[in-house]
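Here is how the chains run, residue by residue.
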Amino acid sequence: MSRTKGEISKFIEKYYLHFNAASLVDAAKAYEEQLDNGAKMMVTLAGAMSTAELGKIFAEMIRQDKVHIISCTGANLEEDIMNLVAHSHYKRVPNYRDLTPQEEWDLMEGGLNRVTDTCIPEEEAFRRLQKHIYKIWKDADDKGERYLPHEYMYKLLLSGVLEQYYEIDVKDSWMYAAAQKNLPIIVPGWEDSTMGNIFASYVVKGSLKAQTMKSGIEYMTYLTDWYTNNSDNGVGFFQIGGGIAGDFPICVVPMLYQDLERTETPFWSYFCQISDSTTSYGSYSGAVPNEKITWGKLDINTPKFIIESDATIVAPLIFAYLLDM
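Residues numbered from 1 in each chain as written. Predicted model: local features only at pLDDT ≥ 70, side-chain atom pairs only at ≥ 80, totals over all residues. Heavy atoms only, no water.

Which parts of the structure should I look at to understand helix H12 (residues 252-259)?
Every α-helix winds through 3.6 residues per turn, so residues three or four apart in the chain are directed the same way. Of all the residues in H12, the buried ones are Val252, Val253, Pro254 and Leu256. Following H12 by one or two positions, Glu261 has its phi on the positive side, about 60 degrees. (Buried < 20%, exposed > 50% of the residue type's maximum accessible area, 1.4 Å probe, protein only. Helix = DSSP H or I, 4+ residues; strand = E, 2+ residues; numbered from the N terminus.)

Which parts of the structure should I look at to understand the sheet that holds strand S1 (residues 40-45)?
Strand pairs in the sheet, formed through backbone hydrogen bonds, run parallel or antiparallel to each other. Strand order in this open sheet of six strands is S6-S2-S1-S7-S8-S9, and the pairing throughout is parallel. The open sheet has two edge strands with one neighbour each: strand S6 (185-186) and strand S9 (304-307). Alignment of strand S8 (residues 270-274) against S9, held across four bridges, turns out to be parallel. In the sheet register, Ile274 faces S9, and the bridge partner there is Ile307. Where helix H2 (residues 19-36) meets the sheet, its contacts fall on S1, strand S7 (235-240), S8 and S9, and the angle it forms with S9 comes to roughly 140 degrees. (Pairing = 2+ DSSP bridges. Contact = heavy atoms within 4.5 Å. Axes fitted to C-alpha atoms, helices over the stretch in contact; angles between N-to-C directions.)

Is there a simple way to explain helix H10 (residues 216-230) in this structure?
Compared with an ideal rise of 1.5 Å per residue, which puts 15 residues at 21 Å, H10 spans 21 Å between its outermost C-alpha atoms and is within 8% of the ideal. By the burial criterion, the buried members of H10 are Tyr219, Met220, Leu223, Thr224, Trp226, Tyr227 and Asn230. (Expected span 1.5 Å × (residues − 1).)

How do you make sense of the packing of aromatic side chains when you look at a structure like this?
Each aromatic ring pair is summarised here by two numbers: the centre-to-centre distance and the angle between the ring planes. Following the criterion strictly, the structure yields 19 aromatic pairs and no others. Note on Phe11 and Tyr15: the rings are 5.0 Å apart at their centroids and 50 degrees apart in plane angle, and the pair reads as tilted. Taken together, the positions of Phe11 and Tyr15, both in helix H1 (residues 7-15) and four residues apart, correspond to about one turn of that helix. In this structure Phe11 comes out as partly exposed when scored by relative accessible area, which is 44%. Arranged with centres 5.1 Å apart and planes meeting at 90 degrees, the rings of Trp137 and Phe199 form a pair that is edge-to-face. Here Trp137 is found in helix H6 (residues 122-143), whereas its partner Phe199 is found in helix H9 (residues 194-205), with 62 residues between them in sequence. Taken individually, Trp137 and Phe199 each receive the classification buried, so the pair is uniform in this respect. (Phe/Tyr/Trp six-rings, centres within 6.5 Å; stacked < 30°, edge-to-face > 60°.)

Right under this line is the structure:
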């Protein structure tokens, strides 16, 4: 398919010729080829990608149908919305490597929770969301309704109750873009997040029932149905970081093939991981892609890429290429 590429794309094609740089270009071109051939693409988000404001470009990827399903941690699910409603209250700490334990304690006392060089404000971010999401949880609880974690977040965003707090252009929120499209999201291990902890606290207090929140098993069955219905032309797997956001959804293929004995299930048609995890003994995040062949996740001929670098640098460049920037 003929395209007119922008200056960023031209730059990386001209200068990114070897090593990790070349892998970046190869992975971007192969991603594009997947889309041209009618394949769908899953993007997985680990680490603090939302706090890193990946939404500035990832939201446009969603709007332009360059991503069809997302798997992310509970932290990434909520922190994009936190940035939307509390951006001006965030504090950047460029010299974070030099902080003493006392200075870290002072940040905590000031309600600032640090993620590398960026502090998330507890009152304006966490508590602001808590006030409104609780009402949505409680309403479902009272009606005996049950939803997945991301579905509650979609209800929150689409209700309009947060608009009074917006501090950035809503076009820079990937969660808002996803909510508008009702994009499928998988959030494995959602309990390991601020909102997950808050929900658990309401269960302990007796204010909510645990079953009001659908579980990880239900996310896997949800993904099973989606993959079955969308894999005719292939589904690619673009993994940012490691961890459960990638480990959980990639297993749907061997589950379908081996456990459900649906032997016609296609393998993932593309694989790319951006990670700074080095290959080591027993490391899954640092494992080379070929190891996944032995687990029934990738085929022998699946295009496979590893880019060993910082995802906050690499992902925006690949997305820019895909958006013809």
